[in-house]
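# Descriptive analysis of the structure
Here's the letter readout for the chains.
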Amino acid sequence: MGLAMASNLQKYLLAEGQSPLRFWNRTASKGDALKGLGGIQCDSIAAVVRDSVIIFISTSNDEAAQAIIAQIISAGNLADKVIVDTTTVHPKTSAAISAELSHQNAFFVSAPVFGSAPMAAERMILAVVAGPHCAIECISPYVKDVIARDMLQVAEQPEKASLLKIIGNFLVSGLTEMIGEAHVFAEKSEVGCGVLEKLLEVQFGRLPFMISQRLTKGIYMPPKGTLPWSNLDLALKDVGHAMDCAASSGTHLRIGEIALDHLRRAKAYSEEQARDLDSAASYGILRRDAGLDFENEAIKRRDTPN
């Protein structure tokens, strides 16, 4: 996801005749493609901070985001700089980061994104942003139609964007559960998954259809050695955050309990098989509970040697 967003940003900067993107990645070799586009690879986070006014962060979880923020702060000279975090984190994490950066006279914008890495490559992701109005105005030219199809402004408190993203991810997890159950029902009753998927497309819209394709095309279980569109660990983190935030607000997510149980069982299966699974891997658990194989026919055809 981060590489796709950074690549699109560098292409935009190049087309506009602006200074090239400065970037840092924990695994240096993963920046080769970005260097090929004209991006400048830095040897440290401090070097990125020194040469930049706007700093984007894209990482996997709360702990990684907090570690990067600590390195940004240790670099010093942050006055009037804008730090944008595209990671999906707990609202408490966003609030804490905002307070830390405020003490450095820097601006913080929480900007988690909806979508997968392939969607990011096509600029089809949606960014939800929250933070000081002046900071959002500053980053807007580099977000809408550059790294995302649109930018939804939520509030001035950064944690509100994180909360909306968590609610949105809960909706996706719930839809994945429902669509997965419907496909198992259609397969077991011999209605067929193909006609169900067509119904989802023509009657229920783009998102349910896209979720359905992650299941029917076997994306929920990528080939061995291939990275998933969205790692199962991220889904576990996001649903866990949703459950915690709901409890804090005095409500209860019954569907979240079901999704979390299936995701945990999918994680156990992932470890048993020693292969990475996608965040939609709960479908495999639904299949097993109905007496079907974890792998659907699309996966079996794909993984069977010719």
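Here the residue index of a chain counts from 1 through its sequence in written order. pLDDT decides what is reported in this predicted model: residues at 70 or higher carry local features, side-chain atom pairs at 80 or more are listed and counted, and totals for whole chains, interfaces and linings draw on all residues regardless. Heavy atoms throughout the structure, all of them, feed into the side-chain values; hydrogens and water do not.

## What about the layout of surface pockets?
- Each cavity reported here is a set of points on a 1 Å grid over the protein atoms alone in which a 1.4 Å probe fits but cannot get out, each pocket an open set with protein on both sides within 12 Å along at least five of seven lines, and each lining residue one with an atom within 4 Å of a point. Grid points are joined across faces, edges and corners, and a volume is the space filled by probe spheres set on the points. Counted as a void, the second largest pocket has a volume near 220 Å³.
- If you trace the second largest pocket, you find 14 residues lining it, with Leu 163, Ala 242, Cys 245, Ala 246 and Ser 249 closest to the centre.
- For the lining of the second largest pocket, the elements supplying multiple residues, two or more each, are α5 (91-102), α8 (158-188) and α11 (232-248).
- Put simply, Ala, Val, Leu, Ile, Met, Phe, Trp, Tyr, Cys and Pro go in the nonpolar bin, Asp, Glu, Lys and Arg in the charged bin, and everything else, Gly too, in the polar bin. Grouping the amino acids of the lining of the second largest pocket by side-chain chemistry returns 9 nonpolar, 4 polar and 1 charged.
- Where each domain starts and ends comes from a domain assignment, either automatic or drawn from a database. Built from parts of two domains, the lining of the second largest pocket gets at least three residues from each of domain 1 (3-156) and domain 2 (164-303). Here a helix means four or more residues in a row that DSSP labels H or I, a strand means two or more in a row labelled E, and each is numbered from the N terminus.

## Focus on the nonpolar core
- Grouping buried Ala, Val, Leu, Ile, Met, Phe, Trp, Tyr and Cys residues that are joined through side-chain atoms within 4.5 Å yields what is termed a nonpolar core. Buried, partly exposed and exposed residues are distinguished by accessible area as a fraction of the type maximum, computed with a 1.4 Å probe on protein chains only: under 20%, between the cut-offs, and over 50%, respectively. Leu 9, Val 109, Ile 125, Val 129, Val 143 and Ile 147 are the most contacted members of the largest nonpolar core, which has 27 residues in total.
- Contributing elements (two or more residues each) for this core: α1 (2-15), β4 (82-85), α6 (117-121), β7 (126-130) and α7 (133-139).
- Sort the elements by how many residues they give to this core and α1 lands first, with 5 residues.

## Quick word on the pairing of β7
- With 5 of its 5 residues buried, β7 lies for the most part within the structure.
- Burial along β7 is two-sided: the residues Leu 126, Val 128 and Ala 130 and Ala 127 and Val 129 are all buried.
- Here, strands pair whenever DSSP counts at least two bridges between them. Sheet topology note: the strand β6 (residues 113-114)/β7 ladder contains 2 bridges and is antiparallel. Bridging across to β7, Phe 114 finds its partner in Leu 126.
- Looking down the strands as they point away from you, a crossover is right-handed if its path from the first strand over the helix to the second goes clockwise. The handedness of the β7 to strand β8 (residues 150-155) crossover, carried by α7, is right-handed.

## A short note on empty space enclosed by the protein
- What the rule picks out here adds up to 1 cavity of 30 Å³ or more.
- The calculated volume of the largest cavity comes to roughly 30 Å³.
- Tallied by class, residues from the lining of the largest cavity come to 7 nonpolar, 1 polar and no charged.

## Remarks on the pattern of salt bridges
- Only one rule defines a salt bridge in this text: a Lys or Arg side-chain nitrogen within 4 Å of an Asp or Glu carboxyl oxygen. Within the structure shown, the criterion is met by 14 salt bridges.
- The shortest N-O distance in the salt bridge between Asp 278 and Arg 214 comes to 2.8 Å. Residue Asp 278 is found in the loop between α12 (254-273) and α13 (282-289), and its partner Arg 214 is found in helix α10 (residues 206-216); the two are separated by 64 residues along the sequence.
- For Arg 214, a relative accessible area of 16% corresponds to the buried category.
- The shortest N-O distance in the salt bridge between Glu 297 and Lys 300 comes to 3.8 Å. A residue pair is termed a helical-turn pair when its members lie 3 or 4 positions apart in one helix, as Glu 297 and Lys 300 do in helix α14 (residues 297-303) at 3 residues.
- The partly exposed category is assigned to Glu 297, whose relative accessible area is 48%.
- Three or more residues are tied together by salt bridges with common partners; here these are Asp 261, Arg 265 and Asp 289.

## Overview of the UniProt feature "active site" (unreviewed entry) in the chain
- UniProt positions are given in the numbering used here, feature names are shortened, and annotations may be inferred rather than shown by experiment. When the UniProt feature table is mapped onto this chain, "active site" (unreviewed entry) is found at Lys 165.
- Topologically, Lys 165 is positioned in helix α8.
- Should any heavy atoms of two residues lie within 4.5 Å, those residues are considered in contact. Lys 165 has contacts with Thr 88, Pro 112, Val 113, Phe 114 and Val 128, leaving out every residue within four places of it along the chain.

## Overview of the UniProt feature "domain: 6-phosphogluconate dehydrogenase NADP-binding" (unreviewed entry) in the chain
- The feature "domain: 6-phosphogluconate dehydrogenase NADP-binding" (unreviewed entry), as given by UniProt, occupies residues 1-145 in the numbering adopted here.
- Across residues 1-145 one finds 43% helix and 16% strand; the C-alpha atoms that close the span lie 16 Å apart.

## Quick notes on the environment of Leu 232
- With respect to the helices, strands and loops of the structure, Leu 232 is situated in helix α11.
- For Leu 232, a relative accessible area of 2% corresponds to the buried category.
- Not counting the four nearest positions on each side in its chain, Leu 232 is found in contact with Leu 263, Ala 266, Lys 267, Ser 270, Leu 277, Asp 278 and Ser 279.

## What to know about the domain arrangement of the chain
- Examined at the domain level, the chain breaks down into domain 1 (3-156) and domain 2 (164-303).
- Here the C-alpha centre of domain 2 lies 29 Å away from the C-alpha centre of domain 1.
- Residue-level contacts link 18 residues of domain 1 with 14 residues of domain 2.
- Accessible area, probed at 1.4 Å, shrinks when two parts are joined; the buried area is that loss added up over both. Both faces combined, the contact of domain 1 with domain 2 buries some 1300 Å², and carbon together with sulfur accounts for 70% of it.
- The largest contributions to the domain 1 side of the interface with domain 2 come from Thr 88, His 90 and Phe 114, which together make up 38% of the buried area.
- Here domain 1 is connected to domain 2 by 0 salt bridges.
- Pairs of N or O atoms are called polar contacts if they sit within 3.5 Å, as long as, within protein, a hydrogen donor faces a hydrogen acceptor (for residues adjacent in sequence, only side-chain-to-side-chain pairs). The tally of links from domain 1 across to domain 2 stands at 6 residue pairs in polar contact (both at pLDDT 80 or more).
- At the level of secondary structure, the elements contributing two or more residues to the side of domain 1 that touches domain 2 comprise β6, α6 and β8.

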